[in-house]
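Commentary on secondary and tertiary structure
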Protein chains: 2
Amino acid sequence: MTLDNTWFSEIDPAAGTAFSLKLGEKLVEEQTPFQKIEIYQTETFGKLMVIDGCTMVSTRDNFLYHEMMSHPALFTHPDPKRVVIIGGGDCGTLREVLKHQDIEYALQVEIDERVTRLSEEHFPELCESNDDPRAELYFGDGIEWMARAEPGSVDVVIVDSTDPVGPAEGLFNQAFYESVFRALGEQGILVQQSESPMLHLPILAAMHGAMRAAGFVDTGMINFPQPLYPSGWWSGTLAFKDASLQPRYADVDVEKLNTQYYNADVHRGALAIPNFVRQGLSSEVVDN
Amino acid sequence: MTLDNTWFSEIDPAAGTAFSLKLGEKLVEEQTPFQKIEIYQTETFGKLMVIDGCTMVSTRDNFLYHEMMSHPALFTHPDPKRVVIIGGGDCGTLREVLKHQDIEYALQVEIDERVTRLSEEHFPELCESNDDPRAELYFGDGIEWMARAEPGSVDVVIVDSTDPVGPAEGLFNQAFYESVFRALGEQGILVQQSESPMLHLPILAAMHGAMRAAGFVDTGMINFPQPLYPSGWWSGTLAFKDASLQPRYADVDVEKLNTQYYNADVHRGALAIPNFVRQGLSSEVVDN
């Protein structure tokens, strides 16, 4: 019943849960100025990147997260051209964004260049679009970048960050959302990873509230499986400057996207809000 | 990084994964003629029942599984009156079934009476409909029961069993499905728990194939989060004698059902089949 050190275990102390993967060898252990990065070979999930003890990305199941953090928002904005990813250093979200041929420019603002350099080495499939002429990799602080962004210059902002502790904490508050609001165009959309609907509902509720307080007229939730993260059930929170936007399901071409999880039915399904989640978010923030 | 014996860990050796819950005290440890049952107090998931080392049910998250194993099938059959549950000894599925006022008779066929008696003691909320005059608890072998069932006498069969090893193994093959097919009426529906779409796709594919070989004209899948089970992502496989049935979304009244997860949007979303799952099940079995 005990799990020894041939397993990597991510323990969520507040949730009283842990998820573990059977390990092969440790490939990387590196302390950067920002955080500790480890990469392991696992027995069944390919490679695993861990930051400050938290599972970040695995070869096998990252497609769920990366597809769901990008395509639902991009297929809801009526004509997305310019995308900014905050965080996302493994480059998997960038890859999904650039599958959209109408995107003209996608900027990844990652605070820790080592995340990206190690991903290029150990998760090359996630980095296959890094040399796309439409892609730019900038290594710096996402909060500062957003505060200085040209107003109205971005169509979709994707916050693909670590949990709301440590370096990412400042990405989960009203001041940051106000910066995002200014940076977005009139039909702009923000989507941010927002933890587990099962384990972290108060975090989601606070995000909806802060996004609305920052000026967004509507918020929403997508939810999807993610075995690597606590509870195996994860969410993204969406914020809209234009409450009239509807998903463009008819434009979803799975053959072109080459997605493993995402399709129009999955998109529609991901927007279904379970009853206890609706209650937890309070009626005002999910009244859509 | 290691998890000691203050945690309960379910290890899925083939999948190379484990899920753990932080424990309080052990309340029950009992070897029945069929299996070993343990019940623990956990720190954050209420009580936890474990059978032969596998997590079965927790106070906190069982609603996901029980609601999804019952309501989608019952809201797809046009007029369900008679339901048989194979397994389901914790009585949570029975409770959900009996929320449907039009149900006239619901029989639970559980092989191990101790599962039910311990559930009555430790999960009383799941057993609150056991005394409903429409409910019958029968303790015996589900395979034998189904082989002797009156042809055409059942509207919906719900197979709420343990994994396809040990006592439940015989519930996952063509011979059993042929018995179910005979027992069901013309518009009859079978729904069976079918493991993780992420980790156990070959099991799902084999189930679809065996159900079709047994005579069912159509099969389908529902998928939903289930933190307690491997990968946190679980499925039910549906088999139909009438391929024309459509979900009766308009009949779903969440207030009456008092469900925590299930609603009409969630039902629709649960039927969305991700691309890799569709490929894994082969085009012939999900062509609907």
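These numbers were taken from a predicted model, which means no experiment stands behind them.

Reading the values: the criteria
Residues numbered from 1 in each chain as written. Chains lettered and ligands numbered in written order. Predicted model: local features only at pLDDT ≥ 70, side-chain atom pairs only at ≥ 80, totals over all residues. Contact = placed C-beta atoms within 7 Å. Helix = DSSP H or I, 4+ residues; strand = E, 2+ residues; numbered from the N terminus. Nonpolar A, V, L, I, M, F, W, Y, C, P; charged D, E, K, R; others polar. Pairing = 2+ DSSP bridges. Buried ≥ 20, exposed ≤ 12 C-beta atoms within 10 Å, placed from the backbone. Domains from an automatic or database assignment. Axes fitted to C-alpha atoms, helices over the stretch in contact; angles between N-to-C directions.

Taken together, the contact between chain B and chain A spans 42 residues of the former and 42 residues of the latter. Within the residue set of the side of chain B that touches chain A, elements represented by two or more residues are β1 (7–12), β2 (17–31), α8 (264–270) and α9 (275–281) of chain B. Top element by residues in the side of chain B that touches chain A is β2(B). It accounts for six residues. Classifying every residue of the side of chain B that touches chain A by side-chain character gives 21 nonpolar, 15 polar and six charged. Bridging between strand β2 (residues 17–31) of chain A and β2(B) involves five bridges; their strand directions are antiparallel. Residue pairing for β2(B): A:A18 is matched across the bridge by B:S20.

Residues and elements named next belong to chain A. Within the secondary structure, L190 is located in strand β10 (residues 184–193). Among the residues examined, L190 registers 28 C-beta atoms within 10 Å and is labelled buried. Placed 143 residues apart in sequence, L190 and K47 show a C-alpha to C-alpha distance of 30 Å. What L190 contacts, discounting residues up to four positions off in sequence, is V157, V180, L184, M211, L238 and A239.

Once that is clear, we can look at the domain arrangement of chain A. All names here are of chain A. Each domain of chain A was delimited in the assignment, giving domain 1 (7–58) and domain 2 (62–285). Relative placement of domain 1 and domain 2: their C-alpha centres are 23 Å apart. Taken residue by residue, the interface counts 21 residues in domain 1 and 19 residues in domain 2. Per-class residue counts for the side of domain 1 that touches domain 2 are 12 nonpolar, five polar and four charged.

Residue and element names in this part refer to chain A. An order of β8-β7-β6-β9-β10-β12-β11 is seen for the seven strands of this open sheet, with the pairing classed as mixed. Among the strands making up the open sheet, the edge pair consists of β8 (135–139) and β11 (218–225). Direction aside, the axes of adjacent strands within the sheet are offset by 15 degrees on average. Across five bridges, strand β6 (residues 82–87) lies against strand β9 (residues 154–160) in parallel orientation. Directly across from I85, in β9, lies its bridge partner I158. Contacts between helix α1 (residues 62–74) and the sheet are confined to β9, β10, β11 and β12 (233–240), with β9 contributing the most and set at about 160 degrees to the helix. Most of the contacts of helix α5 (residues 174–183) go to β10, to which it runs at about 140 degrees, and overall it touches β9 and β10.

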